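Each chain, written out:
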Amino acid sequence: MAVGGMIGGGIFSTLGVVISVAGQWTWLSFLIGGLIALASGQSYAGLTKAIGRPGGSYTFLRHLGYERLARLAAWVLITGYTVTVAVYGFTFGAYVAHALGFDGWLGPFAAVAAIAVLAGINLVGAREATVVELVAVWGKLAILLALAGIGLAQWQPEKLLLQQDDPAGFVAALVGTGVVFMAYEGFQLLSYDYDEMKDPPRTIGRAMPMAIIVTMLVYIAVALGTPMLVPASEIVGQEEISLAAAGESAAGTFGLVAVTIAAIFSTASAINATVFATARLAHTAAADEELPEIFARRNDAGVPWVGTLIISGIAAVLAVIGGIEGLVEAGSFVFLIIFAVVNAIAVHERVGSVWVAVFGCLGSSGAALALAAYVVGWV
């Protein structure tokens, strides 16, 4: 679930966007973002184990007695996750439409269909959702690593540059970290699934850091390998389907089909994981009377069906009307702020290494400021 939640939104949805900002420093943006995520993962895992309840930052704030802030956090998180599902749906539709050579209605139709089908799988039950995740994660990892390997075997560092005579400055890597951070949204979904794990304290303590490290290494490899197949300057012109273009360059039609399949696996697994966890967050908050009671309703399979349908429905609308860059930036900003808050709570509660949590708090805050400065045109 954690790897699926991150890579599904990350490399397929954000690679072209962050390259347009960070240029040859894209790999460094992914590295810095990964280190911030790793610090935040320590805080999430430590706080979840200490409290012994699902709910993530919402539960952490309630535990400290900040009930109004917890209620606000629940709404902000649900909004952020809904935007994230929209990004995944948008990306799913873009890859399908590109592979089939259709413009216009097919992309939005495929986006809505993907969200609807995966919402339906979630309504059946947790076991079915987890099986989908296992198949999707292994499939996309194999294809992404193969693509990165083919690219790295043709190493030509000048292809990383957006403009040969005007390379991006180091500050671009910091701005890129803020823009790309939605790529690391996903590991904290495990904190919402805490009650459905086998041996929760052990599982969450191991799964979060392992998932973040694996994801970070995959991102860096793909960020370095893809421009060897399609130069960075060309990727910027096709942000929504940049990896499909790289796959076609690497292996013709077979490469295009393989990467499109990986994108479908990836975005589908991310939609699945995010809807699964967000509906459970809404259920937890509703059970605490912090959200409307309707979100607490479960079906015969024990699934919070109202939350699943509402989140999926709004995400489907956003996937049709939203643009990829704006959705990615909005999602990144929301999660940077939330992660900064969680790291601050970990410092306050002295959970895990305080210095690691301090780094996570400062890193998240700094990246959020860099992203805000970029959006308003200051950098």
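Residues numbered from 1 in each chain as written. Predicted model: local features only at pLDDT ≥ 70, side-chain atom pairs only at ≥ 80, totals over all residues. Heavy atoms only, no water.

## Considerations on the overall build of the protein chain
Item 1. A count of helices and strands for the protein chain gives 14 helices and zero strands.
Item 2. Tracing the protein chain from N to C terminus, the helices and strands come up as α-α-α-α-α-α-α-α-α-α-α-α-α-α.
Item 3. Relative to the globule expectation of 21 Å for 379 residues, the C-alpha radius of gyration of the protein chain, 19 Å, shows essentially globular dimensions.
Item 4. Going through the 379 residues of the protein chain one by one, you find that 57% of them count as buried.
Item 5. Considering only contacts within the protein chain whose residues lie at least 6 apart along the sequence, 81% involve residues at least 24 apart.
Item 6. Across the protein chain, the centroid of the 15 positively charged side chains sits 13 Å from that of the 24 negatively charged ones. (Helix = DSSP H or I, 4+ residues; strand = E, 2+ residues; numbered from the N terminus. Rg over C-alpha atoms; globule rule 2.2 N^0.38 Å. Buried < 20%, exposed > 50% of the residue type's maximum accessible area, 1.4 Å probe, protein only. Contact = heavy atoms within 4.5 Å. Lys, Arg positive; Asp, Glu negative; His and termini not counted. Charge placed at Lys NZ, Arg CZ, Asp CG, Glu CD.)

## What to know about the side chain of Thr26
Item 1. Position of Thr26 among the secondary structure elements: in helix 3 (residues 26-51).
Item 2. With residues near it in sequence (within four places) discarded, Thr26 still touches Leu15, Val18, Ile19 and Ala223.

## Some details on the pattern of salt bridges
Item 1. Enumeration according to the criterion identifies five salt bridges in this entry.
Item 2. Between Glu290 and Arg62 there is a salt bridge, with the nearest N and O atoms lying 2.6 Å from each other. Taken together, the residues Glu290 in the loop between helix 11 (242-287) and helix 12 (305-321) and Arg62 in helix 4 (residues 57-63) connect sequence positions 228 residues apart.
Item 3. Of the residues examined, Arg62 reaches a relative accessible area of 23% and is grouped as partly exposed.
Item 4. Note that Arg71 and Glu290 form a salt bridge whose closest N and O atoms lie 2.8 Å from each other. One end of the pair, Arg71, is in helix 5 (residues 67-100); the other, Glu290, is in the loop between helix 11 and helix 12, and 219 residues separate them in sequence.
Item 5. Here Arg71 falls in the partly exposed class, since its relative accessible area comes to 32%.
Item 6. Members of the salt-bridge network, linked through shared partners, are Arg53, Arg62, Arg71, Asp288 and Glu290. (Salt bridge = Lys/Arg side-chain N within 4 Å of Asp/Glu carboxyl O.)

## Some remarks on the confidence of the model for the protein chain
Item 1. Looking at the protein chain, pLDDT values average 88 and 96% of them are 70 or higher.
Item 2. Across the protein chain, the element-wise mean pLDDT spans from 74 in helix 1 (residues 2-9) up to 95 in helix 14 (residues 354-375). (pLDDT = per-residue confidence, 0-100.)

## Concerning the nonpolar core
Item 1. Of all hydrophobic cores here, the largest spans 90 residues; its most connected members are Ile11, Phe12, Phe30 and Leu243.
Item 2. Contacts of Ile11, omitting those with residues within four sequence positions, involve Phe30, Leu144, Tyr219, Val222 and Leu243.
Item 3. Counting 24 residues, the second-largest nonpolar core is a separate cluster that includes Val85, Ala111, Ile271 and Val275. (Core = buried A, V, L, I, M, F, W, Y, C linked by side-chain atoms within 4.5 Å.)

## A short note on unusual backbone geometry
Item 1. If you check the backbone angles, Asp199 has positive phi at about 55° while not being a glycine.
Item 2. Of note, Asp199 is situated in the loop between helix 8 (171-180) and helix 9 (200-229).
Item 3. Take Asp199: its relative accessible area is 40%, and that puts it in the partly exposed class.
Item 4. For Glu289, which is not a glycine, the phi torsion comes out positive at approximately 65°.
Item 5. With respect to the helices and strands, the residue Glu289 is situated in the loop between helix 11 and helix 12.
Item 6. Since its relative accessible area comes to 70%, Glu289 is described here as exposed.

## Some remarks on helix 12
Item 1. Spanning 17 residues, helix 12 covers 25 Å between terminal C-alpha atoms, matching the ideal 24 Å at 1.5 Å per step.
Item 2. Listed in full, the buried residues belonging to helix 12 are Val306, Gly307, Thr308, Ile311, Ser312, Ala315, Ala316 and Ala319.
Item 3. Of the surrounding secondary structure, the elements contacted by the buried residues of helix 12 are helix 5, helix 6 (106-124) and helix 11. (Expected span 1.5 Å × (residues − 1).)

## Digging into the environment of Ile264
Item 1. Counting through the fold element by element, Ile264 comes out in helix 11.
Item 2. With relative accessibility at 28%, the residue Ile264 sits in the partly exposed group.
Item 3. Sequence spacing of Ile264 and Ala287 is 23 residues, and the spatial spacing of their C-alpha atoms is 34 Å.
Item 4. Those residues within four positions of Ile264 in sequence are excluded, and the remaining contacts are Phe92 and Val96.

## Focus on the packing of aromatic side chains
Item 1. A full pass over the atoms with the stated rule returns 13 aromatic pairs.
Item 2. Judged by centre distance (6.4 Å) and plane angle (50°), the ring pair of Phe335 and Phe339 falls under tilted. You can see Phe335 and its partner Phe339 sitting in helix 13 (residues 324-349), four residues apart, about one turn around the helix.
Item 3. Note on Phe339: relative accessible area 0%, which makes it buried.
Item 4. Ring-pair connections join several aromatic residues into one group, and the members of that group are Phe30, Tyr44, Phe60, Tyr81, Phe181, Tyr184, Phe187, Tyr219, Phe335 and Phe339.
Item 5. We note Arg280 situated over the ring of Phe276; from NZ or CZ to the ring centre the distance is 3.7 Å. (Phe/Tyr/Trp six-rings, centres within 6.5 Å; stacked < 30°, edge-to-face > 60°. Lys NZ or Arg CZ within 6 Å of the ring centre and 35° of its normal.)

## Digging into the environment of Arg297
Item 1. Tracing the backbone shows Arg297 in the loop between helix 11 and helix 12.
Item 2. Separated by 251 residues in the primary sequence, Arg297 and Gly46 place their C-alpha atoms 29 Å from one another.
Item 3. Apart from residues lying up to four places away in sequence, Arg297 is in contact with Val303, Pro304, Trp305 and Val306.

## Some words on the packing of helix 8 against helix 14
Item 1. Running from amino to carboxyl end, helix 8 crosses helix 14 at an angle of 95°, the nearest separation of the two axes being 8 Å. As far as their axial angle goes, helix 14 and helix 8 are roughly perpendicular. On helix 14, the residues touching Leu174, Val175, Thr177, Gly178 and Val179 of helix 8 are Ala367, Ala370, Leu371 and Tyr374.
Item 2. Tallied by class, residues from the contact of helix 8 with helix 14 come to seven nonpolar, two polar and no charged. (Axes fitted to C-alpha atoms, helices over the stretch in contact; angles between N-to-C directions. Parallel < 35°, antiparallel > 145°, perpendicular 65-115°, else oblique. Nonpolar A, V, L, I, M, F, W, Y, C, P; charged D, E, K, R; others polar.)

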